[in-house]
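The residues making up each chain are set out below.
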Amino acid sequence: MHLTIVIPAWNEAGKIADDIREIAHFVENINYPVELIIVDDGSEDNTSQIAKEVIVPDSLEIRAIKYTPHRGKGYAVRQGISESYGDYVMFMDSGRNVPVEFINSGLELIEQKKCDVLMGSRYIPESVIRKRLRWYRRVTSTVFRKFVKWYLNLPAFVTDTQCGFKIFRGNIARELFKHGKSDGFVFDLEIILLALEKKYRICEFPIEWTCDRDSRLSLVRSFFSIISELRRLKLRFL
Ligand SMILES: Nc1nc2c(ncn2[C@@H]2O[C@H](COP(=O)(O)OP(=O)(O)O)[C@@H](O)[C@H]2O)c(=O)[nH]1
Ligand SMILES: [Mg+2]
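Residues numbered from 1 in each chain as written. Chains lettered and ligands numbered in written order. Predicted model: local features only at pLDDT ≥ 70, side-chain atom pairs only at ≥ 80, totals over all residues. Heavy atoms only, no water.

Trainee: Quick question: what am I supposed to make of a nonpolar patch on the surface here?
Mentor: On the surface, Phe147, Trp150, Phe223, Phe224 and Ile227 cluster together into a nonpolar patch covering about 590 Å² of accessible area. Broken down by secondary-structure element, the contributors of at least two residues to the nonpolar patch are α5 (135–151) and α8 (223–237). By secondary structure assignment, the location of phenylalanine 224 is in helix α8. Using a relative accessible area of 67% as the deciding quantity, one classes phenylalanine 224 as exposed. (Patch = residues over 30% accessible without salt bridge, like charges linked within 9 Å, V, L, I, M, F, W, Y side chains within 5 Å. Areas by Shrake-Rupley, 256 points an atom, 1.4 Å probe, with all protein chains shown as cover. Salt bridge = Lys/Arg side-chain N within 4 Å of Asp/Glu carboxyl O. Helix = DSSP H or I, 4+ residues; strand = E, 2+ residues; numbered from the N terminus. Buried < 20%, exposed > 50% of the residue type's maximum accessible area, 1.4 Å probe, protein only.)

Trainee: Teacher, can you tell me more about the packing of aromatic side chains here?
Mentor: The relation between two aromatic rings is expressed through the spacing of the ring centres and the mutual angle of the planes. By the definition in use, this model includes 13 aromatic pairs. Measuring from ring centre to ring centre gives 5.5 Å for phenylalanine 91 and phenylalanine 187, while their planes differ by 50°; the resulting arrangement is tilted. Within this pair, whereas phenylalanine 91 is found in strand β4 (residues 88–92), its partner phenylalanine 187 is found in helix α7 (residues 187–197), the two being separated by 96 residues in sequence. Owing to a relative accessible area of 1%, phenylalanine 91 belongs among the buried residues under this scheme. (Phe/Tyr/Trp six-rings, centres within 6.5 Å; stacked < 30°, edge-to-face > 60°.)

Trainee: Would you mind showing me how to read the site of ligand 1 here?
Mentor: Neighbouring ligand 1 are 14 residues; Pro8, Glu12, Asp41, Ser215 and Arg216 lie closest to it. With respect to ligand 1, the backbone of proline 8 contributes an N or O atom lying 2.7 Å from an oxygen atom. Contact with the protein chains removes 88% of the 540 Å² of surface that ligand 1 exposes when unbound. Class assignment for the residues of the shell around ligand 1 results in four nonpolar, four polar and six charged. (Near = heavy atom within 4 Å. Polar contact = N/O pair within 3.5 Å; in protein donor to acceptor, adjacent residues only side chain to side chain. Nonpolar A, V, L, I, M, F, W, Y, C, P; charged D, E, K, R; others polar.)

Trainee: I keep staring at the packing of α5 against α8 and nothing clicks. Help me out?
Mentor: For any two helices packed against each other, one specifies the inter-axial angle together with the distance between the axes. Where α5 contacts α8, the axes come no closer than 11 Å and their chain directions differ by 25°. Comparing the axis directions of α5 and α8 gives the class roughly parallel. Read as a crossing pair, α5 and α8 show a hand that is right-handed. Seen from α5, the contacting residues are Phe144, Phe147, Val148 and Tyr151; seen from α8, they are Ile226, Leu230, Arg231 and Lys234. Along the lines of polarity and charge, the residues of the contact of α5 with α8 split into six nonpolar, no polar and two charged. (Axes fitted to C-alpha atoms, helices over the stretch in contact; angles between N-to-C directions. Parallel < 35°, antiparallel > 145°, perpendicular 65-115°, else oblique. Left-handed = near helix turned anticlockwise from the far one by under 90°. Contact = heavy atoms within 4.5 Å.)

Interpretation note: all reported values are geometric properties and have no functional meaning in isolation.
In structure tokens form, the structure reads like this:
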């Protein structure tokens, strides 16, 4: 069994080394090999260079890919997944929002519940929020969450589409992302819609989440592009 972890990283020079060290530590205590792909999304800082310099144990194979110009999180995750070979593939954000140990419970659940796509959720009763978003992000994110669920007619069991902690069966991730077109913020939604269309089994699981307030996202600045991307998704899938 082999796991691929993809971290999309845009100007994460300040955090990427700690992300990698945390994964390196995790890998020392598990009995399967891990491939870590850092995708530097056209950073202006030296994110990918730092990623290459961190010393990791042999059981962690690490690769840093960089392209320019900057394209967006969706594009970055897609690049990483297209180069993955794990039996399981996941992506996570830079900034250690979710303890890496949740990978183990996630992988167990995938087998137990026989699901193909397992999404971490911050909004189910067993989830633990250690540090919340700032109040205005909380408001925009709640409005976005409710709106999107209604607008895209998502099934009731989906509570958190945007959580950056999603685990897939490897071949299914590679297939889904091959059909992905969205470069930006709505790529998670696109992948969920693709998985629903192909009748893959989607599950959620509770995670422990600590908000990292150093964010690359501005819902306000990206408002119009997000709306037009959502319209495109609706036309394509509904
Ligand atoms: N928001 C955003 N994140 C990106 C982009 N490209 C790569 N990323 C990475 O995607 C992850 C999530 O971004 P972040 O700013 O933490 O989003 P937030 O946690 O929703 O506030 C981080 O690892 C970013 O470095 C991008 O264009 N926009
Ligand atoms: Mg973040």
